[in-house]
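# Overview (structure and organization)
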Amino acid sequence: MITSNSPSLEKGREKVYYSSNPAFYVGIDCIIFGFYEGEISLLLLKRNFEPAMGEWSLMGGFVQNNESVDDAAKRVLHELTGLENVYMEQVGAFGAIDRDPGERVISVAYYALININEYDRKQVQKHNAYWVNINELPPLIFDHPEMVEKARELMKQKASVEPIGFNLLPKLFTLSQLQSLYEAIYGETMDKRNFRKRVAEMDYIEKTDKIDKLGSKRGAALYKFNSKAYRKDPKFKL
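- The protein chain has the name NUDIX hydrolase in an unreviewed UniProt entry, where Bacteroides xylanisolvens is given as its organism.
- You can read under Cofactor (unreviewed entry) in the UniProt record for the protein chain the words "Mg(2+)".

Below, the structure written as structure tokens:
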């Protein structure tokens, strides 16, 4: 029998165990990175809803009763980009008391890496979203600048030891594109000869018989990342 001193209260047939504690909204914020014209870009919303209507923000949503936090992040990303099976990683939880003027919201942030040529443009336009160069970001609402900076640092650290950067490239790429990508991630220029020497030591970065002729008349060889070969010998450093 449940008494007034029991840790739970009976409500119909349901037991409410934590009714003496406050309930909060759990939000999701997605830091979506893409790679365009030699620079890292961020997908931002020009908000057409309150609070902070007309201001720039990350794509977000709320965790629903029937989904985990990870599933909620995947749903939010899919609703914006139309993409599934995207590389995502949790950045952390952000829970300052006054971080959101609408309600008390504890947000869990994720960063995602997508090929900028593969997303659903109609979905992005529907949400009033735009790609913005990471070095030219407008003022962002709430604690979104902190989320972006933390995500960039995590991406940089992870990209130095695992081949996550290939998620930002097309399936076929030139070595110049690859070097440009890692220079954008690290924020520094890399020596071309040393870079290509390291690439040559990685059997899972394979040269194909295809040529990219967009950059010059002679063209440049196209390469691909072989994930199966990488799993056999998962050593990476660029």
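## Quick word on the UniProt feature "domain: Nudix hydrolase" (unreviewed entry) in the protein chain
- Feature annotation in UniProt places "domain: Nudix hydrolase" (unreviewed entry) on residues 23-155, given in this structure's numbering.
- Structurally, residues 23-155 is divided into 23% helix and 36% strand, and its ends, taken at the C-alpha atoms, are 32 Å apart.

## Focus on the packing of aromatic side chains
- In total, this model carries 14 aromatic pairs according to the counting rule given.
- Ring geometry for Tyr204 against Tyr230: centres 5.0 Å apart, planes inclined by 85°, an arrangement best described as edge-to-face. Here Tyr204 is found in the loop between helix 5 (192-200) and strand 10 (205-212), whereas its partner Tyr230 is found in helix 6 (residues 227-232), with 26 residues between them in sequence. Here Tyr204 matches Tyr230 in class, with each residue buried.
- Following the ring pairs from residue to residue traces out a cluster consisting of Phe166, Phe173, Tyr182, Tyr186, Tyr204, Phe225, Tyr230 and Phe236.
- When the ring centre of Phe24 is taken as origin, the NZ or CZ atom of Arg104, which lies over that ring, is 4.6 Å away.
- Here the guanidinium or amino end of Arg121 rests over the ring plane of Tyr119, the centre of that ring lying 4.7 Å away.

About the criteria used
Residues numbered from 1 in each chain as written. Predicted model: local features only at pLDDT ≥ 70, side-chain atom pairs only at ≥ 80, totals over all residues. Heavy atoms only, no water. UniProt positions renumbered as here; feature names shortened; annotations may be inferred. Helix = DSSP H or I, 4+ residues; strand = E, 2+ residues; numbered from the N terminus. Phe/Tyr/Trp six-rings, centres within 6.5 Å; stacked < 30°, edge-to-face > 60°. Buried < 20%, exposed > 50% of the residue type's maximum accessible area, 1.4 Å probe, protein only. Lys NZ or Arg CZ within 6 Å of the ring centre and 35° of its normal.

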